[in-house]
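# Structural features, examined
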Number of protein chains: 2
Amino acid sequence: MSTDMTTLKGQPLDRPVLDALLRRRLFFTPSFEIYGGTGGLFDYGPPGCSLQANIVDLWRKHFVLEEDMLEVDCTVLTPHEVLKTSGHVDKFADWMCKDPKNGDILRADHFVEDVLEARLKGDKEARGVKVEEVDDPTKKKKRKQKSEAVKLEDAVVQEYEEVLAKIDNYNGAELGELIKKYDLKNPATGVQPSPPVAFNLMFQTSIGPSSNLPGYLRPETAQGQFLNFAKLLEFNQQQMPFASASIGKSYRNEISPRAGLLRVREFLMAEIEHFVDPKGGKKHTKFHEVENIELALLAKDVQLAGKTELKRMTIGEAVRTKVVDNETLGYFIARIFLFLKKIGVDEKKLRFRQHMQNEMAHYATDCWDAELLTSSGWIECVGCADRSAYDLTVHAEKTGAPLLVRERLDEPIIRELWEVDIDKKKFGPQFKKDGKTVEAALEASTQEQREAFSKQLAEKGALDIEVPGVGDGKVQVSKDLVKVEFRKKVENTREYTPNVIEPSFGIGRILYSLIEHSYWTRASDGGDEARSVLSFPPIVAPTKVLIVPLSANKSFKPFIQKLSSKLRKLGISSRIDDSSATIGKRYSRNDELGTPLGITIDFQTVNDSTITLRDRDSTKQVRADEDTIVAAIQSIVDGSKSWKDIEAELPAFEGQEAEVPVR
Amino acid sequence: MSTDMTTLKGQPLDRPVLDALLRRRLFFTPSFEIYGGTGGLFDYGPPGCSLQANIVDLWRKHFVLEEDMLEVDCTVLTPHEVLKTSGHVDKFADWMCKDPKNGDILRADHFVEDVLEARLKGDKEARGVKVEEVDDPTKKKKRKQKSEAVKLEDAVVQEYEEVLAKIDNYNGAELGELIKKYDLKNPATGVQPSPPVAFNLMFQTSIGPSSNLPGYLRPETAQGQFLNFAKLLEFNQQQMPFASASIGKSYRNEISPRAGLLRVREFLMAEIEHFVDPKGGKKHTKFHEVENIELALLAKDVQLAGKTELKRMTIGEAVRTKVVDNETLGYFIARIFLFLKKIGVDEKKLRFRQHMQNEMAHYATDCWDAELLTSSGWIECVGCADRSAYDLTVHAEKTGAPLLVRERLDEPIIRELWEVDIDKKKFGPQFKKDGKTVEAALEASTQEQREAFSKQLAEKGALDIEVPGVGDGKVQVSKDLVKVEFRKKVENTREYTPNVIEPSFGIGRILYSLIEHSYWTRASDGGDEARSVLSFPPIVAPTKVLIVPLSANKSFKPFIQKLSSKLRKLGISSRIDDSSATIGKRYSRNDELGTPLGITIDFQTVNDSTITLRDRDSTKQVRADEDTIVAAIQSIVDGSKSWKDIEAELPAFEGQEAEVPVR
């Protein structure tokens with residue numbers, strides 16, 4: 001199947017060809033394949049592993065080092081109680097339907113989406129509109145569904161499109177209603193599936209030998225960071241704001257994982273928890289550095305209106321006009337954009353989509369996803385949410401741990417207020433079992449009520465208070481049990497629970513999208529089929545340099561060894577290909593691996609110690625002595641120069657790129 | 001409790017002081033502590049996380065890059081069938097006893113060890129031998145057990161000591177016998193625990209929504225590498241030998257995890273699977289590079305004789321004398337030694353201990369552990385095993401996947417042999433249900449039998465064969481059903497299943513042991529209590545440079561910023577401490593973090609742009625202009641120079657190390 005996605009050079013993206021390349025060159029491969037494979041689990045081979053390591057390394061430099069974040073490494077195993085408090089035990093679920101006929105298990109939102117999309121496609125066919133093998137890349141995640149050419153009412157088409165635009169906004173009951181209302185049937189059986197039920201996505205296990213401590217594999221790295229908040233604040237010498245960061249595996253027992261890296265059950269995440277004072281509008285001191293960055297935004301109101309048009313605006317304008325809630329959130333959205341650009345994501349295939357209200361956790365203030373366009377549609381690769389004070393608050397309430405900031409006030413705050421003192425020793429004997437209820441009612445009184453109490457006590461020697469549930473609902477408390485006074489209080493410190501801005505990266509999804517964004521094909525000289533190229537930026541490319549001796553001639557060996565060890569010393573990864581394939585074939589094999597630079601060692605090298613350097617993207621070559629070439633490589637790899645610069649500096653070499661037979 | 005372990009500078013190691021430091025500076029901390037903690041789970045804070053990353057980075061350079069290994073990243077989730085085949089489902093267990101009185105769960109071998117050690121200690125006390133708070137650091141892992149001063153017979157002492165020397169060699173039944181024989185009782189209850197039963201150490205879960213695919217968290221990274229063997233060989237263009245490598249988390253549901261990083265339930269491993277042709281004695285082409293390295297070895301025969309004396313010999317000699325089985329195993333043992341030295345392990349606290357027969361898996365040919373001496377005894381930190389062809393063989397047999405190497409022979413092998421051709425079409429009708437059994441008997445015949453068959457066929461037109469279970473056990477097969485001929489066969493390829501040498505590193509244990517090996521204390525000038533120092537080599541130190549402005553004076557700010565960004569550009573991690581503590585205090589805080597270098601910015605800096613550089617270990621300082629100091633830092637961090645070199649090159653500075661009050 002080919003899609004209407006285009007490659008880096010504007011050609012139609014041939015997904016099966018790309019998939020075959022990724023398998024053949026072992027970027028990744030289904031885990032346990034000799035055992036028949038296990039859905040949603042993938043192993044990374046050497047190039048995938050290296051690409052992943054380079055992305056993670058850049059992430060660490062771009063975020064952790066640049067912003068002095070506190071990196072932590074917390075355990076994946078998490079006891080039940082922690083995830084009960086965080087809400088994951090009760091709410092971290094997808095809606096699942098079952099086909100009563102064949103037992104198929106379907107993810108409800110995907111099922112609705114698939115069937116409606118198939119109907120819309122059938123409608124287009126019936127109307128004679130050319131359907132480009134279905135895929136509309138402006139739509140989100142897509143799975144294939146067979147369609148029949150059946151024309152729909154115009155109003156129905158519009159209704160379906162509106163449902164699809166806000167598919168992430170429905171809960172289980174609403175999805176169930178859609179299934180009934182539109183009579184959606186499982187194409188495999190022609191039967192309507194059962195109403196959606198919640199399926200918790202966490203993998204469960206039990207910790208310790210006596211099986212009495214249930215636990216889960218964490219679904220995100222965040223909770224470990226929250227639980228260590230007090231220690232991290234102490235480590236940071238009580239300075240606010242600050243961020244923690246963590247890179248590690250997380251787990252989600254997906255109902256229906258798909259082929260490829262886009263929905264998997266085990267994945268690498270990189271998450272930041274930036275802790276900020278909620279007072280003062282969550283300003284960020286470095287916001288000015290990013291405010292002029294222009295982004296493609298898809299705000300929630302546009303989606304709720306059933307539309308998907310992108311709006312371009314600077315992050316400064318977005319924050320000023322409240323499209324994005326606050327500066328700190330905006331700062332991280334812009335930093336995410338810069339990171340994705342740096343690793344080589346195609347800016348034209350990147351948008352920031354805001355979560356709709358029902359899509360967000362109830363406590364979240366605002367949330368934006370960086371979505372990358374792939375042949376499977378727009379894929380959420382980075383989430384950036386303002387989680388408010390929710391997490392720290394619930395864990396503090398559950399455990400009693402002080403997950404808060406105590407800030408010394410420059411100017412003490414003097415407050416005057418009515419206070420109630422209860423003589424608890426006398427309270428019990430007087431009110432018996434109702435004592436606590438009456439106490440609570442007194443303590444819950446407002447400043448106005450307290451002023452009135454004070455008067456009553458002075459005038460009558462007792463106060464009357466309404467306490468529902470105690471006697472007839474009215475209680476009298478005499479002045480020997482309670483005192484109400486107006487007092488002046490000096491507060492030298494302020495206590496608050498920080499809010500959390502959380503940029504959260506799915507490394508596998510970014511890696512896969514980057515591969516699609518870097519992919520293109522070039523016609524070969526020989527006229528045979530087109531050759532695949534992965535144009536990774538040198539900074540993330542799995543290997544930086546391929547070393548190719550012209551032949552197996554022994555005189556080349558010392559040059560290969562010297563060069564290879566020189567590059568290793570500079571921390572530049574290289575590989576030697578001394579196989580018997582032609583030079584052209586060896587280069588083109590490495591174009592598939594995304595290796596940006598190639599060095600040929602030939603007989604001229606033996607004579608004058610010069611070597612040629614080849615650029616993957618243009619296939620142009622230059623020739624110079626070894627030290628000059630190594631310096632050129634270093635400047636390209638560290639990003640200080642481009643190939644254009646090198647081409648301008650060094651003499652061109654018109655050599656044997658083509659089919660020189662060897663040996 | 002203090003132990004008789006000594007620090008780097010020969011002082012007694014005060015373990016509680018070190019533990020307090022590691023907690024206070026957030027090297028690591030119990031996971032979920034605000035929820036009461038969960039045994040055997042630890043989080044790494046910023047310095048621990050960075051130390052771990054640096055160790056892993058060096059590991060990757062020392063092994064993966066240096067030897068062109070193929071790094072892979074496989075999933076932790078593993079389906080049941082894979083671990084059933086590998087033997088883990090049936091055999092990956094520890095022996096567990098239960099105290100019938102209070103329900104205590106005890107690990108049988110540790111229980112036996114603890115009680116016998118307590119008795120030996122009691123004996124020493126009774127004999128009036130000074131007992132240095134128990135710990136004999138030549139013993140392996142130790143836990144505290146109260147002792148009573150009871151004298152034992154000399155023969156009993158010797159018997160106990162012999163049992164302890166080979167404690168890893170007992171199976172469950174044998175441990176049960178020891179418990180009965182010596183009447184070992186749980187000190188907590190005075191009761192003898194139940195006989196040992198096997199407890200599988202894998203964490204179980206279920207993969208997918210229908211709960212029908214049981215799985216485990218992997219107990220080692222190795223299986224994923226074995227399953228990908230055929231793909232990796234293909235990726236390596238069929239070249240042998242080669243190695244794969246993997247860095248990732250593994251899980252073991254320990255019966256009784258202890259405080260600290262030495263026995264935990266979730267841990268980072270780095271594993272190498274080196275695939276080698278079993279033919280020709282497993283030579284290694286680079287063995288000559290390491291053969292003169294001298295190691296401290298504890299061979300299995302020494303242990304079985306109840307002894308623990310170390311023998312120093314070169315790895316070359318060890319392989320020549322068959323103490324170590326083969327060159328490839330020996331090569332990796334030596335490379336492990338070099339790696340541990342490079343990261344800063346104290347060579348005097350490192351030994352290689354060979355596994356005894358019962359301790360090894362039945363298929364292993366030889367296995368050596370690199371053990372590091374800590375205040376908890378000798379700790380296994382790296383295992384280096386020859387796993388023979390076991391893993392590839394069992395997975396190939398189970399799945400039918402060809403996990404083998406096909407090697408083109410330079411000289412074809414010509415073999416002459418008797419072959420049996422069966423005419424299967426006629427065979428069935430003749431022998432009916434016994435057909436397959438008779439066929440199998442024919443195919444199982446030896447060369448000698450076949451030669452006789454051939455004669456019989458020629459002479460009688462039929463052959464007689466014994467087939468137990470068919471008729472009266474004798475069967476006649478006529479010549480129209482079978483042909484037996486002597487043929488010449490030319491074999492152009494050789495097929496073999498590679499053997500695997502597996503160096504396997506427990507990163508957390510190495511990290512903890514390294515901390516103990518790097519720890520010492522120095523008397524402070526002020527005369528107050530001793531200050532702790534962690535003398536990590538610059539290459540693994542969490543932070544390389546501390547930047548300390550003399551005071552909060554604004555004129556220092558631009559110097560701090562410039563310096564900090566210059567170091568970042570060079571990839572050298574630094575931290576700024578501009579708190580109001582004295583310079584001395586700030587330096588000593590960073591000595592605790594193991595930061596090797598410190599820079600002071602003072603008023604002279606503002607005048608002449610010179611800065612001072614301080615060495616953590618000697619507290620000596622030099623002073624020079626910024627560029628010179630930065631160059632000095634770089635050379636120390638990349639290992640090209642030592643502090644001694646810098647001290648010889650640059651003018652000394654006798655400045656305010658001490659207690660200069662600031663602000």
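Each chain carries its own residue numbering, running from 1 in the written order of its sequence. Chain A is the first chain written and ligand 1 is the first ligand written, with later ones labelled in order. Since the coordinates come from a predicted model, pLDDT governs what is reported: local features require at least 70, and pairs of side-chain atoms require 80 or more to be given and counted, while whole-chain, interface and lining totals use all residues. No hydrogens and no water enter the side-chain calculation; it runs on all heavy atoms of the structure.

### So, the overall build of chain A
- Scanning chain A from N- to C-terminus turns up 22 helices and 28 strands.
- Dimensions of chain A, computed from the C-alpha atoms along their principal axes, are close to 110 × 65 × 55 Å.
- Residue burial in chain A is summarised as follows: out of 663 residues, 56% are buried.
- Excluding contacts between residues fewer than 6 apart, the proportion of contacts in chain A whose partners are at least 24 apart in sequence is 69%.
- Per-residue and other accessible areas follow the Shrake-Rupley method at a 1.4 Å probe size, with only the shown protein chains counted as cover for residues. Carbon and sulfur atoms provide 50% of the accessible area of chain A, an area that totals close to 28,900 Å². Only DSSP runs of H or I with at least four residues qualify as helices, and only runs of E with at least two residues qualify as strands; both kinds are numbered from the N terminus onward. Only protein chains enter the accessibility calculation, which uses a 1.4 Å probe. A residue is then buried if its area is under 20% of the maximum for its type, exposed if over 50%, and partly exposed in between. Residues count as neighbours in contact if any of their non-hydrogen atoms are within 4.5 Å of one another.

### Observations regarding the sheet that holds strand β21 (residues 499–506) of chain A
- Any two strands with at least two DSSP bridges between them are considered paired. In space, the nine strands of this open sheet follow the order β3-β10-β11-β21-β16-β15-β14-β12-β13 (chain A), with mixed pairing throughout. Looking at which strands have only one partner, the edges of the open sheet turn out to be β3 (70–71) and β13 (311–314) of chain A.

### Remarks on helix α18 (residues 557–569) of chain A
Residue and element names in this part refer to chain A.
- Expected span of a helix, by definition, is 1.5 Å for each gap between consecutive residues, and there is one gap fewer than residues. Between its terminal C-alpha atoms α18 stretches 18 Å, which fits the 18 Å expected from 13 residues at 1.5 Å a residue.
- All buried positions along α18 are accounted for by Phe-559, Ile-560, Leu-563, Ser-564 and Leu-567. All buried residues of α18 project into a common sector of 120° when viewed along the axis, lining one side. Along α18, the residues that are exposed and aim more than 90 degrees away from the buried face are Pro-558 and Lys-569. Along the arc lie the directions from the helix axis toward the C-beta atoms.

### A word on the relation of the copies chain A and chain B
- Take chain A, turn it by 180°, move it 0.0 Å along the axis, and it overlays chain B with an RMSD of 0.4 Å. Classification of the inter-copy transformation places it as that of a two-fold axis. Identified as the residue of chain A closest to the rotation axis by C-alpha distance is Thr205(A), at 2.7 Å.
- Of the interface residues in chain A, 100% have counterparts in chain B that sit at the interface too, so the contact is made through matching surfaces. When the copies are superposed, the least-squares fit draws on C-alpha atoms of residues that have pLDDT of at least 70 in both.

### Thoughts on unusual backbone geometry
- Along the chain, Met240(A) connects to Pro241(A) via a cis peptide bond; the corresponding omega equals -10°.
- Relative to the assigned elements, Pro241(A) resides in the loop between α9 (229–235) and β10 (242–251).
- One non-glycine residue, Asp68(A), adopts positive backbone phi at about 50°.
- With respect to the helices and strands, the residue Asp68(A) is situated in the loop between α2 (46–65) and β3.
- A positive phi angle, near 50°, is found at Lys432(B), a position not held by glycine.

### A short note on the packing of aromatic side chains
All names here are of chain A.
- For Phe, Tyr and Trp, where Trp contributes only its six-membered ring, two rings pair if their centres lie within 6.5 Å, and the inter-plane angle classes them as stacked under 30 degrees, edge-to-face over 60, or tilted in between. A full pass over the atoms with the stated rule returns 36 aromatic pairs over all chains.
- With a centroid separation of 5.7 Å and an interplanar angle of 55°, the aromatic rings of Phe-63 and Phe-339 are classed as tilted. Of this pair, Phe-63 sits in helix α2 while Phe-339 sits in helix α12 (residues 327–343), and the two are 276 residues apart along the sequence.
- Of the residues examined, Phe-63 reaches a relative accessible area of 0% and is grouped as buried.

### What to know about the interface of chain A and chain B
- Across the contact, 71 residues belong to chain A and 72 residues belong to chain B.
- Buried surface area refers to the total accessible area, computed with a probe of radius 1.4 Å, that the two partners give up upon joining, counted for both partners together. For the pair chain A and chain B, the summed buried area comes to about 6,100 Å², and 61% of that belongs to carbon and sulfur atoms.
- Any Lys or Arg side-chain nitrogen located within 4 Å of an Asp or Glu carboxyl oxygen qualifies as a salt bridge. The interface formed by chain A and chain B contains six salt bridges.
- For the salt bridge of Lys231(A) with Glu33(B), the shortest nitrogen-to-oxygen distance reads 2.4 Å.
- Sort the elements by how many residues they give to the side of chain A that touches chain B and α2(A) lands first, with five residues.
- All amino acids are sorted into three groups, where Ala, Val, Leu, Ile, Met, Phe, Trp, Tyr, Cys and Pro are nonpolar, Asp, Glu, Lys and Arg are charged, and the leftover types, Gly among them, are polar. Taken together, the residues that form the side of chain A that touches chain B break down as 34 nonpolar, 20 polar and 17 charged.

### Comments concerning the pattern of salt bridges
Residue and element names in this part refer to chain B.
- For the structure on display, the rule yields 116 salt bridges over all chains.
- In this structure, Arg-127 and Asp-154 form a salt bridge, with 2.7 Å as the shortest nitrogen-oxygen distance. Of this pair, Arg-127 sits in the loop between α5 (108–126) and α6 (154–165) while Asp-154 sits in helix α6, placing them 27 residues apart in sequence.
- On the accessibility criterion, Asp-154 (53% relative accessible area) is exposed.

### A few points about the side chain of Asn186(A)
Residues and elements named next belong to chain A.
- For Asn-186, the location among the structural elements is in the loop between α7 (172–181) and β7 (197–200).
- The exposure class of Asn-186 is buried, given its relative accessible area of 5%.
- Discounting residues that sit within four places of it in the chain, Asn-186 has contacts with Asp-99, Asn-102, Asp-104, Leu-106, Phe-111, Val-191 and Pro-193.

### Some remarks on the pairing of strand β27 (residues 610–615) of chain B
Residue and element names in this part refer to chain B.
- Among the six residues of β27, six are classified as buried, and the element is accordingly described as predominantly covered.
- The two faces of β27 match: Thr-610, Thr-612 and Arg-614 on one face and Ile-611, Leu-613 and Asp-615 on the other face are all buried.
- Where strand β26 (residues 597–601) lies against β27, four bridges are found, and the strand directions are antiparallel. For Ile-599, the partnering residue across the bridge sits in β27 and is Leu-613.
- Sheet analysis places β27 next to strand β28 (residues 621–625), joined by five bridges and oriented antiparallel.

### Description of helix α18 (residues 507–518) of chain B
Residues and elements named next belong to chain B.
- The end-to-end C-alpha distance of α18, which contains twelve residues, comes to 16 Å, matching closely the 16 Å that a straight helix rising 1.5 Å per residue would cover.
- The element α18 is extensively covered by neighbouring structure, given that eleven of its twelve residues are classed as buried.
- Burial in α18 covers these residues: Ile-507, Gly-508, Ile-510, Leu-511, Tyr-512, Ser-513, Leu-514, Ile-515, Glu-516, His-517 and Ser-518.

### Here's the deal with the side chain of Ser579(B)
Residues and elements named next belong to chain B.
- Note on placement: Ser-579 falls in the loop between β25 (574–576) and α20 (583–593).
- The definition of a polar contact used here is a pair of N or O atoms within 3.5 Å, where within protein one atom must be able to donate a hydrogen and the other to accept one, and adjacent residues in sequence count solely through side-chain atom pairs. A polar contact is formed between the side chain of Ser-579 and the side chain of Asp-577, at a distance of 2.8 Å.
- In this structure the side chain of Ser-579 is engaged in a polar contact, spanning 2.9 Å, whose partner is the side chain of Arg-589.

### Thoughts on the confidence of the model for chain A
Residue and element names in this part refer to chain A.
- Per-residue confidence from the predictor is given as pLDDT, running between 0 and 100. For chain A, mean pLDDT is 90; residues scoring 70 or higher make up 94% of the total.
- Contacts for the low-pLDDT stretch residues 133–142, under 50 throughout, to residues beyond four places or in other chains number 40 contacts.
- Across residues 657–663 the pLDDT falls below 50, and counting only partners more than four positions away or on other chains, this stretch makes 26 contacts in the model.
- For this predicted complex, the interface score ipTM comes out at 0.85, alongside a pTM of 0.86.

### Brief notes about the sheet that holds strand β8 (residues 204–207) of chain A
All names here are of chain A.
- The strand order across the open sheet formed by three strands is β4-β9-β8, and the pairing between neighbours is antiparallel. A strand with exactly one partner marks an edge of an open sheet, and here the two such strands are β4 (77–79) and β8. For this sheet, the mean inter-axis angle between neighbouring strands, taken without regard to orientation, is 45°.
- Across four bridges, the pairing between β8 and strand β9 (residues 213–217) is antiparallel. Across the sheet, residue Gln-204 finds its bridge partner in β9, namely Tyr-216. Fitted lines through C-alpha atoms serve as axes, helices being fitted only where they are in contact, and the angles separating the N-to-C directions of these axes extend from 0 to 180 degrees.

### Let's talk about the packing of helix α1 (residues 15–24) of chain B against α18(B)
All names here are of chain B.
- At their nearest, the axes of α1 and α18 sit 12 Å apart, and the two run at 120° to each other. It follows that α1 is oblique to α18 by the angle criterion. For α1 against α18, the interelement crossing comes out right-handed. Packed against α1, whose contacting residues are Arg-15, Leu-18, Asp-19 and Leu-22, the element α18 presents Tyr-512, Ile-515 and Glu-516 at the interface. Here the word oblique covers every angle except those under 35 degrees (roughly parallel), over 145 (roughly antiparallel) and from 65 to 115 (roughly perpendicular). Whether a crossing is left-handed or right-handed is set by the direction in which the near helix is turned from the far one by less than a right angle, anticlockwise for left-handed and clockwise for right-handed.

### What about the environment of Arg335(A)?
All names here are of chain A.
- In this fold, Arg-335 is placed in helix α12.
- A sequence separation of 103 residues divides Arg-335 from Val-438, and the C-alpha atoms of the two residues are 54 Å apart.
- Beyond its immediate stretch of four places on either side in the chain, Arg-335 contacts His-62, Phe-63, Glu-66 and Glu-67.
- Reaching out from Arg-335, the side chain makes a polar contact with the side chain of Glu-67 at a distance of 3.1 Å.

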